Amino acid sequence: MWFSFFLSVLAPNCNNRIMRTDQISPDFFPSVNRWAKSLTLLVVVCGAAGTLYFLSPNDSGVYPPCPFNALTDLHCPGCGTLRGLHELLHGHIGNALGLNLLMVLSLPFIGYSFVNYIVAGIRGRPARKIFIRSWIIWALLGIVMLFWILRNLPVYPFVFLAP
Amino acid sequence: MFCTKCGKENDAGATHCIACGEVLTAPQPQAVSGAAGPAHVSKVPNYLVQAILVTIFCCLPFGIVAIVFAAQVNGKLQAGDINGAMESSRKAKMWSWIGFGSGIAVLLIYVVLVFLIGIGSQLQ
């Protein structure tokens, strides 16, 4: 949903020369071989997914608590991400949506940039670049802040946003 | 080279885009003093993906700071302010790393505390 909105906003922008001038997947270690980086990232993500699949964040005790939640007893925008990913890996999309709506909605975007980066890196090509207009990023920031506030309100419709 | 219409990557010698059929023109040689040239712009990443990942995974406000700078990067690029965009890009990168580093630090402190508490309960 969020992603299709994203693409529909991006599409008309494609004629703009600036469209390809921004990287969706910037390189963090420019001196290191991109192929090695892509492979490392792939291994790390697969390892993390395997760990999350087999060790539930609810009872295993190997995952750290959210520092914001531990200090304030409030939920941060990321609270419920690990539990939500664990549910997603087991195919329980409904449970994942209930734990962190924002995480599930942002996964297509993150997944796209991840696959884009990995595939391009392993094939030895430059990652495809998409320019995102700044107002979209400001809107995203607004959504994150709103989510942060709303999921802490103990009022009827918003309690579903809490993990 | 990339198609100017749809952004699809084509072979360097291609005359038409394989995705949308748009006529492809070879990239213009870089102007020596063109400060606003595409080559400069292409080196200004906004670190938006990293900022979102830090926001979602590290549970600390640093990711949100990084999103602000990511938005500034693209805003300044749209306005043609390349130097400003690079400055914002640097800050977006810095805050992404601060968020990531803090997340790792919290993880390590947690592991050490769990370890110490484990030892403490063994001694009692």
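Residues numbered from 1 in each chain as written. Chains lettered and ligands numbered in written order. Predicted model: local features only at pLDDT ≥ 70, side-chain atom pairs only at ≥ 80, totals over all residues. Heavy atoms only, no water.

A.B. asks: Sorry if this is basic, but what is going on with the overall build of chain A here?
C.D. replies: Looking only at helices and strands, one finds seven helices and zero strands in chain A. Listed N to C, the secondary structure of chain A is α-α-α-α-α-α-α in terms of helices and strands. Burial status across chain A gives 40% buried among its 163 residues. Excluding contacts between residues fewer than 6 apart, the proportion of contacts in chain A whose partners are at least 24 apart in sequence is 66%. If you sum the accessible surface of chain A, you get close to 8700 Å²; carbon and sulfur atoms cover 71% of it. (Helix = DSSP H or I, 4+ residues; strand = E, 2+ residues; numbered from the N terminus. Buried < 20%, exposed > 50% of the residue type's maximum accessible area, 1.4 Å probe, protein only. Contact = heavy atoms within 4.5 Å. Areas by Shrake-Rupley, 256 points an atom, 1.4 Å probe, with all protein chains shown as cover.)

A.B. asks: I'm lost on the overall build of chain B in this one. Help?
C.D. replies: From N to C terminus, chain B includes four helices and zero strands. Order of helices (α) and strands (β) in chain B, N terminus to C terminus: α-α-α-α. Buried positions account for 35% of the 124 residues belonging to chain B. In chain B, of all internal contacts separated by at least 6 residues, the share reaching a separation of at least 24 is 42%. Summing over all exposed atoms, chain B offers an accessible surface of approximately 6800 Å²; the carbon and sulfur share of this is 68%.

A.B. asks: How should I be thinking about empty space enclosed by the protein in this particular structure?
C.D. replies: Remark: the empty space left among the atoms is shown by a probe the size of a water molecule rolled over them. In this structure the tally under the stated criterion is two cavities of 30 Å³ or more. There is about 90 Å³ of room inside the largest cavity. The wall of the largest cavity is formed by 10 residues, among which Leu102, Ser106, Leu140 and Val144 of chain A together with Ile52 of chain B lie closest to the centre. Among the secondary structure elements, those contributing two or more residues to the lining of the largest cavity are α6 (101-122) and α7 (134-150) of chain A together with α2 (48-57) of chain B. (1 Å grid on protein atoms, 1.4 Å probe; cavity = no way out; pocket = protein on both sides within 12 Å on 5 of 7 lines; lining within 4 Å. Points joined across faces, edges and corners; volume = space filled by probe spheres on them.)

A.B. asks: I would appreciate a short explanation of the pattern of salt bridges in the present structure.
C.D. replies: Two side chains bearing opposite charge may form a pair once their charged atoms approach each other closely. Residues and elements named next belong to chain B. On inspection of all chains with the given rule, the structure shows two salt bridges over all chains. With a closest N to O distance of 3.1 Å, Glu87 and Arg90 form a salt bridge. Of this pair, Glu87 and Arg90 both sit in helix α4 (residues 82-123), three residues apart, which is roughly one turn of that helix. For Glu87, the salt bridge identified is with Lys91, shortest N-O distance 3.8 Å. With Glu87 and Lys91 both in helix α4, this residue pair falls four residues apart, about one helical turn. Glu87 gets classed as partly exposed once you look at its relative accessible area, which sits at 33%. A network of salt bridges, in which partner residues are shared, links Glu87, Arg90 and Lys91. (Salt bridge = Lys/Arg side-chain N within 4 Å of Asp/Glu carboxyl O.)

A.B. asks: Just to check I follow, could you spell out the packing of helix α3 (residues 62-79) of chain B against α4 of chain B for this structure?
C.D. replies: For any two helices packed against each other, one specifies the crossing angle of their axes together with the interaxial distance. Residues and elements named next belong to chain B. The N-to-C vectors of α3 and α4 enclose an angle of 165°; their axes lie 8 Å apart at closest approach. Regarding the angle of α3 to α4, the classification is roughly antiparallel. Considering the relative orientation of α3 and α4, their crossing is left-handed. Contacts between α3 and α4 involve Phe62, Val65, Ala66, Phe69, Ala70, Gln72, Val73, Lys76 and Leu77 from the first element and Ile82, Gly84, Ala85, Ser88, Ser89, Lys91, Ala92, Trp95, Ser96, Ile98, Gly99 and Ser102 from the second. Among the residues forming the contact of α3 with α4, the class breakdown is 12 nonpolar, seven polar and two charged. (Axes fitted to C-alpha atoms, helices over the stretch in contact; angles between N-to-C directions. Parallel < 35°, antiparallel > 145°, perpendicular 65-115°, else oblique. Left-handed = near helix turned anticlockwise from the far one by under 90°. Nonpolar A, V, L, I, M, F, W, Y, C, P; charged D, E, K, R; others polar.)

A.B. asks: What's the story with the nonpolar core in this structure? I'm lost.
C.D. replies: In a soluble, globular protein the nonpolar side chains are often hidden away together inside. Residues Cys76, Phe109, Ile132 and Ile137 of chain A together with Leu48, Ile52 and Ile67 of chain B are the most contacted members of the largest nonpolar core, which totals 33 residues. Within the residue set of this core, elements represented by two or more residues are α6 and α7 of chain A together with α2 and α3 of chain B. For this core, the leading source of residues is α7 of chain A, giving seven residues. Excluding residues that lie within four positions of it along the chain, Leu48 of chain B makes contacts with Phe109, Ile132, Ile137 and Leu140 of chain A together with Ala70 of chain B. (Core = buried A, V, L, I, M, F, W, Y, C linked by side-chain atoms within 4.5 Å.)

A.B. asks: How do you make sense of the confidence of the model for chain A when you look at a structure like this?
C.D. replies: Predicted coordinates in areas of low pLDDT are best not read in detail. Residues and elements named next belong to chain A. Of the residues in chain A, 80% reach a pLDDT of 70 or more, and the chain-wide mean stands at 79. Highest mean pLDDT in chain A belongs to helix α4 (residues 81-89) (93); lowest belongs to helix α1 (residues 2-10) (42). Taken as a whole, residues 1-25 scores under 50 in pLDDT and shows 70 contacts with residues more than four places along the chain or in a different chain. (pLDDT = per-residue confidence, 0-100.)

A.B. asks: So what exactly am I meant to see when it comes to the environment of Ser102 of chain B here?
C.D. replies: Residues and elements named next belong to chain B. Within the secondary structure layout, Ser102 lies in helix α4. The class for Ser102 is buried, based on a relative accessible area of 18%. Residues Ser102 and Leu60 lie 42 residues apart in sequence; the distance between their C-alpha atoms is 8.1 Å. What Ser102 contacts, discounting residues up to four positions off in sequence, is Leu60 and Phe62.

A.B. asks: Quick question: what am I supposed to make of a nonpolar patch on the surface here?
C.D. replies: On the surface, Ile109, Val112, Leu113, Phe115, Leu116, Ile117, Ile119 and Leu123 of chain B cluster together into a nonpolar patch covering about 850 Å² of accessible area. Tracing the chain through its elements places Leu123 of chain B in helix α4. (Patch = residues over 30% accessible without salt bridge, like charges linked within 9 Å, V, L, I, M, F, W, Y side chains within 5 Å.)

A.B. asks: Mind showing me how you'd approach α4 of chain A here?
C.D. replies: Structurally, the α-helix is built with 3.6 residues per turn, so residues lying three or four positions apart point the same way. Among all positions in α4 of chain A, only Thr81, Gly84, Leu85, His86 and Glu87 of chain A are buried. For α4 of chain A, the elements touching its buried residues are α2 (34-54), α5 (93-99) and α6 of chain A together with α2 of chain B. One or two positions beyond α4 of chain A, positive phi appears at Gly91 of chain A, with a value near 85°.

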